Amino acid sequence: MSEMIIQSPDEVIAFLKAQHNLIEDMFDEVLYASDPQAREKPFIRLRQLLAVHETAEEMLVHPRVRREFKAGDAIVDSFLQEEHAAKEHLSRIEGLDITSPQFIDELTNLRQAVLTHAEHEELEEFPKLQKEVEPDDLKRMGTAVRVAEAIAPTRPHAGVESAKLNLAIGPFASMLDRARDLIQKAIG
C-alpha cells in the first residue's frame, strides 16, 4: 500500500499561511474534543507548533520586514506586542486543569487573539514580502524558517521576541524545553 505524502510549500509565505490554517484546525481539535482528557495530546502539539512558528517568524520574517520597508518597524513592533501577549497567555493556560471550563474559556480567548494576529500578518506583512522580495529569496527564507523551527523552543518564552534574543537564548531554551517534553512523555 502506498503512503500519502503531504508536501508543505517551499516558499515562506505559503508555508506560514499553511501553518496558520493548521494552527486554527489544532485549536478546534483541542476545544471540541469529545472527552476532556483527550485534549492533552492535541494541546501539547498546538503549544509546540505555536512556539516554534512564532520563534521562526521572530528570527527571520519580522527582521526582514523591518529592514526592507519604511513602515517595517511599526508593523513589526505591533506584531511583537501581540506575540508577547500570546506567549504570556499560553503560559498561563499551561498551568490550568485541561478538563476545566476555565481552560476552555482561556484557550478560546487565545484562539481569537492568535487568529487575529495571523490575519494581521497575512494582510500587513506577507503582501509586502510577496511584492518586494524575489521568489528565490522567499524560497530560501522558507528553508531557513524550517531550520529555525527544527531547533526552536517548544514552549512559550515571553520576553524573547527579538531575533537577537532568540539567537542568544533560544538554543538553551530549546534544549530545556525538548528535554522537559521527553521527560513528561516518558512519565505520562
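In the nomenclature of an unreviewed UniProt entry, the protein chain is known as Hemerythrin of Mycobacterium decipiens.

Examining the overall build of the protein chain
Summing up its helical and strand segments, the protein chain has 6 helices and 0 strands in all. For the protein chain, the α and β elements follow one another from N to C terminus as α-α-α-α-α-α. Relative to the globule expectation of 16 Å for 188 residues, the C-alpha radius of gyration of the protein chain, 17 Å, shows essentially globular dimensions. For the protein chain, the residues scored as buried account for 43% of the 188 residues in total. On the protein chain, roughly 10,700 Å² of surface is accessible, and the fraction owed to carbon and sulfur atoms is 56%. One way to put it: in the protein chain the 22 positive side-chain charges average out to a point 4 Å from where the 35 negative ones average out.

Some words on the nonpolar core
F27, F43, L46, F103 and L107 are the most contacted members of the largest nonpolar core, which totals 19 residues. At the level of secondary structure, the elements contributing two or more residues to this core comprise α1 (12-31), α2 (40-68), α3 (72-94) and α4 (101-132). L16, V65, L129 and M141 belong to the second-largest nonpolar core, a separate cluster that totals 17 residues.

Thoughts on the layout of surface pockets
When its volume is computed, the largest pocket comes out at roughly 580 Å³. Around the largest pocket, the lining is made up of 20 residues, and of these E40, I44, R47, Q184 and K185 lie nearest the centre. Contributing elements (two or more residues each) for the lining of the largest pocket: α2, α3 and α6 (163-187). Ranked by residues supplied to the lining of the largest pocket, first place goes to α6 with 7 residues.

Some points on empty space enclosed by the protein
With the rule as written, the count across this model stands at 1 cavity of 30 Å³ or more. As a volume, the largest cavity reaches approximately 40 Å³. Those elements that place two or more of their residues in the lining of the largest cavity are α1, α2 and α4. Element by element, the count of residues in the lining of the largest cavity is highest for α4, at 4 residues. Residue composition of the lining of the largest cavity, by class: 4 nonpolar, 3 polar and 1 charged.

So, the packing of α2 against α4
Following both chains from N to C, one finds α2 and α4 inclined at 30°, their axes separated by 13 Å at the closest point. The angle between α2 and α4 falls in the class roughly parallel. The way α2 lies across α4 gives a crossing that is left-handed. Facing F43, L46, L50, H53, E54, E57, V61, H62, R64 and V65 of α2, the residues of α4 in contact are F103, L107, V114, H117, E121, E125, F126 and L129. When the residues that make up the contact of α2 with α4 are grouped by side-chain class, the tally is 10 nonpolar, 3 polar and 5 charged.

Description of the pattern of salt bridges
Within the structure shown, the criterion is met by 11 salt bridges. Measuring nitrogen to oxygen at the nearest pair gives 2.8 Å for the salt bridge that ties R66 to D77. One end of the pair, R66, is in helix α2; the other, D77, is in helix α3, with 11 residues separating them in the sequence. A network of salt bridges, in which partner residues are shared, links R64, E68, D137 and R140.

Focus: the UniProt feature "domain: Hemerythrin-like" (unreviewed entry) in the protein chain
When the UniProt feature table is mapped onto this chain, "domain: Hemerythrin-like" (unreviewed entry) is found at residues 13-129. Helix makes up 85% of residues 13-129 and strand 0%, whereas the separation of the span's terminal C-alpha atoms amounts to 8 Å.

Things to note about the packing of α2 against α3
Look at α2 against α3: their axes get within 11 Å of each other, and the N-to-C directions meet at 165°. Considering their axes alone, α2 and α3 lie roughly antiparallel with respect to each other. Where α2 crosses over α3, the two elements pack in a sense that is left-handed. Between α2 and α3, the contacting residues are F43, R47, L50, E54, E57, E58, H62, V65 and R66 on the first element and G72, D73, V76, D77, F79, L80, E83, K87, L90, I93 and E94 on the second. Its residues assigned to classes, the contact of α2 with α3 shows 8 nonpolar, 2 polar and 10 charged.

Rules of the game
- Residues numbered from 1 in each chain as written.
- Predicted model: local features only at pLDDT ≥ 70, side-chain atom pairs only at ≥ 80, totals over all residues.
- Heavy atoms only, no water.
- Helix = DSSP H or I, 4+ residues; strand = E, 2+ residues; numbered from the N terminus.
- Rg over C-alpha atoms; globule rule 2.2 N^0.38 Å.
- Buried < 20%, exposed > 50% of the residue type's maximum accessible area, 1.4 Å probe, protein only.
- Areas by Shrake-Rupley, 256 points an atom, 1.4 Å probe, with all protein chains shown as cover.
- Lys, Arg positive; Asp, Glu negative; His and termini not counted.
- Charge placed at Lys NZ, Arg CZ, Asp CG, Glu CD.
- Core = buried A, V, L, I, M, F, W, Y, C linked by side-chain atoms within 4.5 Å.
- 1 Å grid on protein atoms, 1.4 Å probe; cavity = no way out; pocket = protein on both sides within 12 Å on 5 of 7 lines; lining within 4 Å.
- Points joined across faces, edges and corners; volume = space filled by probe spheres on them.
- Nonpolar A, V, L, I, M, F, W, Y, C, P; charged D, E, K, R; others polar.
- Axes fitted to C-alpha atoms, helices over the stretch in contact; angles between N-to-C directions.
- Parallel < 35°, antiparallel > 145°, perpendicular 65-115°, else oblique.
- Left-handed = near helix turned anticlockwise from the far one by under 90°.
- Contact = heavy atoms within 4.5 Å.
- Salt bridge = Lys/Arg side-chain N within 4 Å of Asp/Glu carboxyl O.
- UniProt positions renumbered as here; feature names shortened; annotations may be inferred.

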